[in-house]
Amino acid sequence: MKILVTGGLGYIGSHTVVELLNDNYEVIVIDNLSNSKESVKDNIEKITNKEFELVIGDVCNKDIVEDIFKNNKIDAVIHFAGYKAVGESVAKPLMYYHNNLFSTINLLEVMEKYECRRIVFSSSATVYGKPESLPIKEDFKLSTTNPYGTTKLMIEDILRDLYVSNNDWSIAILRYFNPVGAHKSGLIGEDPNGIPNNLMPYIVKVANKELECLSIFGDDYDTKDGTGVRDYIHVVDLSLGHIKAIEYVLKNKGVDEYNLGTGKGYSVLEMVKTFEKVNNVNVNKKIVERRPGDIDACYADSRKAKEILGFEAKKGIEEMCLDSYNYVKKNL
Ligand code: NAD
Ligand code: UDP
C-alpha cells in the first residue's frame, strides 16, 4: 500500500512516517520545508532503516501534486500540511486561509481526478471552541475563535460535503488534543521557530536555560489548582492513531470524526512538576495574567476512536516530559 503524506517532515508527520514505514507501507512525502528541515528525512530513515521518496514542493501547487498521482498509484493520503500557529493566524489570516484551504482543495481535486478517495485529515480540538461540558464528545457543537481554527472547521465541512457528493469517499477527520513528546531515539521531535507558544516547548527551553522563566497564564481558573487543564497526548501514540485511521479508511467508506486524546486532563502546574521530577531539573516559573482566549479545561472523550478505530493512547505524562527533554538535549 502506498501512502502520500503531506507535511510529512513536520512534527506529527515525521513520527507518523516512522510508524508507516515500520508497518511496511510505502511512503511518499510532500513538504515545502516552510516549518521543517530536509535532514528530518535522514533521521526517519535512520530510525526505521527504510527509505521513502520525498518531494520538496508546495501542496498549493497543483502541477506538483498531480505529478505525484500521475507517477504513482496512491492508495490513501494523510494530510498534515498546513500552518498551525493560533497567534500568527490572527495577525495574518489571509496567509492561513490561503495555505490551509488552497492546499486542501488542490489535493482533493487531484485525488478525485485520480480516483484516490481515502484520506486522513489533521483537525484539532480547537474546533470545539469553548465546550459546554467535559469530556468533549465528537458530536458537540463546533465553533472557532481564531482563523487557524476556522480553517480546520472549513476543511472539515469541505470533507463532509465531498462525501455527500460521492459516497465512494472514505474520510477520517482526526481532532488532536495536545500533542507533546518526541521519538525515543531523540532523532525527531518538535522544533518550534523562535519563542514557543505552547506549554511543553516553552518548559523545555526554560529547563535548558534558553529562556529565563515560564509564565503560567492564570491560576484562577475553575480547575483543580487554578491553572489551565489540557489533554496531552504523546506524539508517538498520536502517530499510531493515524495508522489505525489509515487501516480503517482503506477498508471502509464514509466520513467520520474522531478525538485523539488520552481522555485525561492535567493542569499546567501538574505538567511542570512532573517535568521537574522526571528530568531532575528546575523550571523557573511565575504566575501571570490569563492568556486571552484560553479556556479553563479541555479533555477528550476518547471512546469513539477506541470503539471504531481500535486506538487507545498508552503513554503517560512522565514519558511525554522525559522524551520532550531528551530530544532537545540531544539536538542543542
Ligand atoms: P508542523 O508545522 O511541524 O508540520 C507541518 C508540515 O507541513 C511542515 O513540515 C511544513 O513544512 C509543511 N507544510 C506547510 N504548508 C505546506 C504546503 N502548503 N505544502 C507542503 N508542505 C507544507 O505541524 P505539526 O505539529 O506536525 O501539525 C501537523 C498538522 O496537525 C497541521 O495540519 C496542524 O494544524 C495539525 N494539528 C497540530 C497540532 C499540534 O499541536 N501540533 C494540534 C492539532 C492539529
Ligand atoms: N500555558 C502557560 N504558559 C505558556 C504556554 C501555555 O501557562 O507559556 C498554558 C495555557 O494557558 C494552557 C496550557 O498551558 O492552559 C496549554 O497551552 P498550549 O498553548 O500548549 O495549548 P492550547 O492552549 O492550544 O491547548
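Residues numbered from 1 in each chain as written. Chains lettered and ligands numbered in written order. Predicted model: local features only at pLDDT ≥ 70, side-chain atom pairs only at ≥ 80, totals over all residues. Heavy atoms only, no water.

**Q** Would you mind showing me how to read the pairing of strand β2 (residues 26-31) here?
**A** Two faces belong to every sheet, and in a regular strand the side chains alternate between them. Burial runs high along β2: five of the six residues are buried. Sheet topology note: the strand β1 (residues 2-6)/β2 ladder contains five bridges and is parallel. Bridge pairing links Val5 to Val29 in β2. Pairing geometry for β2 and strand β3 (residues 53-56), over four bridges, is parallel. For Ile30, the partnering residue across the bridge sits in β3 and is Val55. (Buried < 20%, exposed > 50% of the residue type's maximum accessible area, 1.4 Å probe, protein only. Helix = DSSP H or I, 4+ residues; strand = E, 2+ residues; numbered from the N terminus. Pairing = 2+ DSSP bridges.)

**Q** Help me understand the pairing of strand β8 (residues 214-217), please; the structure alone is not making it clear to me.
**A** Burial along β8 is one-sided: the face carrying Leu214 and Ile216 is buried and the face carrying Ser215 and Phe217 is not. Across four bridges, the pairing between β8 and strand β13 (residues 285-288) is parallel. Opposite Phe217, over in β13, you have Val288 as the bridge partner.

**Q** Would you explain the site of ligand 2 in this entry?
**A** Around ligand 2 sit 15 residues in total, of which Leu199, Ser215, Arg230, Arg291 and Asp294 are the nearest. Within the backbone of Leu199, an N or O atom sits 2.9 Å from an oxygen atom of ligand 2. The separation between a nitrogen atom of ligand 2 and a polar main-chain atom of Ser215 is 2.7 Å. When ligand 2 is considered free in solution it has 510 Å² of accessible area, and contact with the protein chains removes 87% of it. (Near = heavy atom within 4 Å. Polar contact = N/O pair within 3.5 Å; in protein donor to acceptor, adjacent residues only side chain to side chain. Areas by Shrake-Rupley, 256 points an atom, 1.4 Å probe, with all protein chains shown as cover.)

**Q** Please explain the site of ligand 1 as it appears in this structure.
**A** Among the 26 residues in the neighbourhood of ligand 1, the closest are listed as Asp31, Asn35, Lys84, Asn99 and Tyr148. Residue Val59 places a main-chain N or O atom 2.9 Å away from a nitrogen atom belonging to ligand 1. Compared with its free state, where it exposes 820 Å², ligand 1 has 96% of that area covered by protein. At the level of elements, α1 (11-22), β5 (118-124) and α6 (147-165) are the ones that each hand at least two residues to the shell around ligand 1. The element contributing the most residues to the shell around ligand 1 is β5, with three residues.

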